[in-house]
Amino acid sequence: MSSVVAPSERLAVAELGCFPVCLQWAPSGAFVAIGGDDGDIRFVDGGGTIVAKFRAHEGGVTALAWHPRTGELATTGQDQKVRVWTQVGADGVTWVRSE
């Protein structure tokens, strides 16, 4: 017989402060990237903690995708731009726009 696990025990809830538009797990599985209607990207770990946040677009983020090998993150937004972001710190907190 299988035991039933309460939802609060299997799902971490993060208070984002925005309407989430898109999300995708990082290739490492350590966190999920969430694009918001406010133009910010938030990185949330498995415990529901926002470990990093930065402004990616003017207007909402419309889509995001991870490069499977390099770990770069591509985003699109309501500002009609496509941007590629590179992590520059091993802590996962600092990201810069690739030009």
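Residues numbered from 1 in each chain as written. Predicted model: local features only at pLDDT ≥ 70, side-chain atom pairs only at ≥ 80, totals over all residues. Heavy atoms only, no water.

### Some details on the pattern of salt bridges
Think of it this way: side chains of opposite charge can pair up when their charged atoms draw near.
Right, on to step 1. Inspection of every chain in the model, using the stated rule, returns five salt bridges.
Right, on to step 2. As a salt-bridge pair, Arg 83 and Asp 79 come within 3.7 Å of each other at their nearest N and O atoms. In this pair, the class of Arg 83 matches that of Asp 79, namely buried.
Right, on to step 3. One network of salt bridges, in which partners are shared, links Asp 38, Asp 40, Arg 42, Lys 53 and Arg 55. (Salt bridge = Lys/Arg side-chain N within 4 Å of Asp/Glu carboxyl O. Buried < 20%, exposed > 50% of the residue type's maximum accessible area, 1.4 Å probe, protein only.)

### Side note on the nonpolar core
Right, on to step 1. Of all hydrophobic cores here, the largest spans 14 residues; its most connected members are Ala 33, Ile 41, Phe 43, Trp 66 and Leu 73.
Right, on to step 2. One finds Leu 16, Val 32, Ile 34 and Val 44 within the second-largest nonpolar core, a separate group that totals five residues. (Core = buried A, V, L, I, M, F, W, Y, C linked by side-chain atoms within 4.5 Å.)

### Section: the sheet that holds strand S1 (residues 20–25)
Right, on to step 1. With antiparallel pairing, the four strands of this open sheet are ordered in space as S1-S2-S3-S4. This sheet does not close on itself; its edge strands, each paired only once, are S1 and strand S4 (50–55). Direction aside, neighbouring strands of the sheet carry axes that sit 20 degrees apart on average.
Right, on to step 2. Here five bridges tie strand S2 (residues 31–36) to strand S3 (residues 40–45), and the two strands are oriented antiparallel to one another. Each bridged residue has a counterpart across the sheet, and for Phe 31 the counterpart in S3 is Asp 45. (Pairing = 2+ DSSP bridges. Helix = DSSP H or I, 4+ residues; strand = E, 2+ residues; numbered from the N terminus. Axes fitted to C-alpha atoms, helices over the stretch in contact; angles between N-to-C directions.)

### Examining the confidence of the model for the protein
Right, on to step 1. In the predicted model, the protein carries a mean pLDDT of 82, and the fraction of residues at 70 or more is 78%.
Right, on to step 2. Of all secondary-structure elements in the protein, the lowest mean pLDDT belongs to helix H1 (residues 7–10), at 48, while strand S5 (residues 61–66) reaches the highest, 96.
Right, on to step 3. Considering only residues more than four positions removed or in separate chains, one finds that residues 1–11, a stretch of pLDDT under 50, has one contact. (pLDDT = per-residue confidence, 0-100. Contact = heavy atoms within 4.5 Å.)

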